[in-house]
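Coordinate analysis (summary)
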Amino acid sequence: LQKELLKYKQEARNLQGIKDALQQRLIQQDASVLQLKQELLRANMDKEELHNQNVDLQRKVEERNRLLAEYKKELGQKDRHLQQHQTKLDEILRQLSEASYQQVDLERELEHKEALLAHCMKREAEE
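Summarised in this report is the structure supplied together with it.

The rules behind each value
- Residues numbered from 1 in each chain as written.
- Predicted model: local features only at pLDDT ≥ 70, side-chain atom pairs only at ≥ 80, totals over all residues.
- Heavy atoms only, no water.
- Helix = DSSP H or I, 4+ residues; strand = E, 2+ residues; numbered from the N terminus.
- Buried < 20%, exposed > 50% of the residue type's maximum accessible area, 1.4 Å probe, protein only.
- Areas by Shrake-Rupley, 256 points an atom, 1.4 Å probe, with all protein chains shown as cover.
- Lys, Arg positive; Asp, Glu negative; His and termini not counted.
- Charge placed at Lys NZ, Arg CZ, Asp CG, Glu CD.
- Salt bridge = Lys/Arg side-chain N within 4 Å of Asp/Glu carboxyl O.

Here we take up the overall build of the chain. From N to C terminus, the chain includes one helix and zero strands. Projecting the C-alpha coordinates of the chain onto the three principal axes gives extents of approximately 185 × 15 × 10 Å. By the burial criterion, 0% of the 127 residues in the chain qualify as buried. Roughly 12,500 Å² of accessible area belongs to the chain as shown, and the carbon and sulfur atoms make up 57% of that amount. If you average the places of the 23 positive and of the 25 negative side-chain charges in the chain, the two averages end up 20 Å apart.

This is the structure we're talking about:
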């Protein structure tokens, strides 16, 4: 009976050792779970912050794209106006050139008529 009591006491000590080891392991696992939860919370917060930054950057990109489209539209309008003015300027220069040729022709004709007049007046004075 004494041997059996010692055997059960030894078995109880072994079971208590196993229980203590399992409790220690459970405490470590709880600590690990807590650490993982904290890391997950930080990761989720980082993810949310990155999402917010992404939304903000997307908004800025859309705003800049809108401005770029407006600038392109304005530039197109200015190019059209510039082309219209260039066409008008080319026409005015062409007309000026044509007028200049006409002026030269008229000056030659005037010189010729002045020479004829001078010649006629000379002949009349000689007669």
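Moving on, we come to the pattern of salt bridges. Under the defined criterion, the tally for this structure stands at eight salt bridges. Of the charged contacts in the structure, one is a salt bridge between Arg 94 and Glu 98, with a shortest N-O distance of 3.0 Å. In this pair, Arg 94 and Glu 98 both sit in helix α1 (residues 2–126), four residues apart, roughly one turn of the helix. With a shortest N-O distance of 3.7 Å, Asp 105 and Arg 108 are connected by a salt bridge. Here Asp 105 and its partner Arg 108 are both found in helix α1, three residues apart, which amounts to about one turn of the helix. It is possible to trace a salt-bridge network through shared partners that takes in Asp 56, Arg 59 and Lys 60.

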